[in-house]
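Each chain is listed here by its residues.
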Amino acid sequence: MSITAPAHGKVRPNLQPLLNRIEHSAARLGVSRSWLYREISAGRLKVVKIGNRTLIAEEELRRFAAELERGSAAKVAA
């Protein structure tokens, strides 16, 4: 965790969100929102619903990315 000092002088930690919006998650994975929604519909990615918002937990996003990497590596090895 890094510390940033905004222009107004108060120091606050630079925090990573625990829950990510679909748009942010898709951008971090380098995929489209529609592809991400298909993965969610297929049950390969768990989401958290808060009201009408669909969010992905940081841990789940990292798990899913690791799973994608393993699948990609398995295809290359085959």
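The model shown is predicted, which means the values in this text are computed figures rather than measured ones. (Residues numbered from 1 in each chain as written. Predicted model: local features only at pLDDT ≥ 70, side-chain atom pairs only at ≥ 80, totals over all residues. Heavy atoms only, no water.)

Peer 1: Give me the packing of aromatic side chains: which residues, what numbers.
Peer 2: Per the counting criterion, the structure on display carries 1 aromatic pair. The interplanar angle of 50 degrees and the centroid separation of 6.1 Å between the aromatic rings of Trp35 and Phe64 together place this pair among those described as tilted. With Trp35 in helix H2 (residues 33-41) and Phe64 in helix H3 (residues 58-77), the pair connects residues that are 29 residues apart, well separated along the chain. (Phe/Tyr/Trp six-rings, centres within 6.5 Å; stacked < 30°, edge-to-face > 60°. Helix = DSSP H or I, 4+ residues; strand = E, 2+ residues; numbered from the N terminus.)

Peer 1: Before we move on, could you go through the environment of Glu59 and cite the residues and values that matter?
Peer 2: On the secondary structure map, Glu59 appears in helix H3. Along the primary structure Glu59 and Leu19 are separated by 40 residues, whereas in three dimensions their C-alpha atoms are 8.9 Å apart.

Peer 1: Go over the pattern of salt bridges, please, and point to the residues and values.
Peer 2: In the structure shown here, the tally under the stated rule is 7 salt bridges. In this structure, Glu39 and Arg44 form a salt bridge, with 2.7 Å as the shortest nitrogen-oxygen distance. Given a relative accessible area of 41%, Arg44 falls into the partly exposed group. Residue Glu58 is joined to Arg62 by a salt bridge in which the shortest nitrogen-to-oxygen separation is 2.9 Å. Placement of both Glu58 and Arg62 in helix H3 is noted, with a separation of 4 residues, approximately one turn of the helix. We classify Glu58 as buried; its relative accessible area is 9%. Accessibility expressed as a relative area gives 54% for Arg62, which makes it exposed. Each of Arg21, Glu23 and Arg33 takes part in a single network of salt bridges with overlapping partners. (Salt bridge = Lys/Arg side-chain N within 4 Å of Asp/Glu carboxyl O. Buried < 20%, exposed > 50% of the residue type's maximum accessible area, 1.4 Å probe, protein only.)

Peer 1: Any chance you could break down the packing of helix H1 (residues 22-29) against H2 for me, citing the residues and the numbers?
Peer 2: One can describe the packing of H1 onto H2 by two numbers: an axis separation of 9 Å at closest approach and a directional angle of 100 degrees. Relative to H2, the element H1 lies roughly perpendicular. Side by side, H1 and H2 meet where Ile22, Glu23, Ser25, Ala26 and Leu29 of the first sit next to Arg33, Leu36, Tyr37 and Ile40 of the second. A per-class count over the contact of H1 with H2 returns 6 nonpolar, 1 polar and 2 charged. (Axes fitted to C-alpha atoms, helices over the stretch in contact; angles between N-to-C directions. Parallel < 35°, antiparallel > 145°, perpendicular 65-115°, else oblique. Contact = heavy atoms within 4.5 Å. Nonpolar A, V, L, I, M, F, W, Y, C, P; charged D, E, K, R; others polar.)

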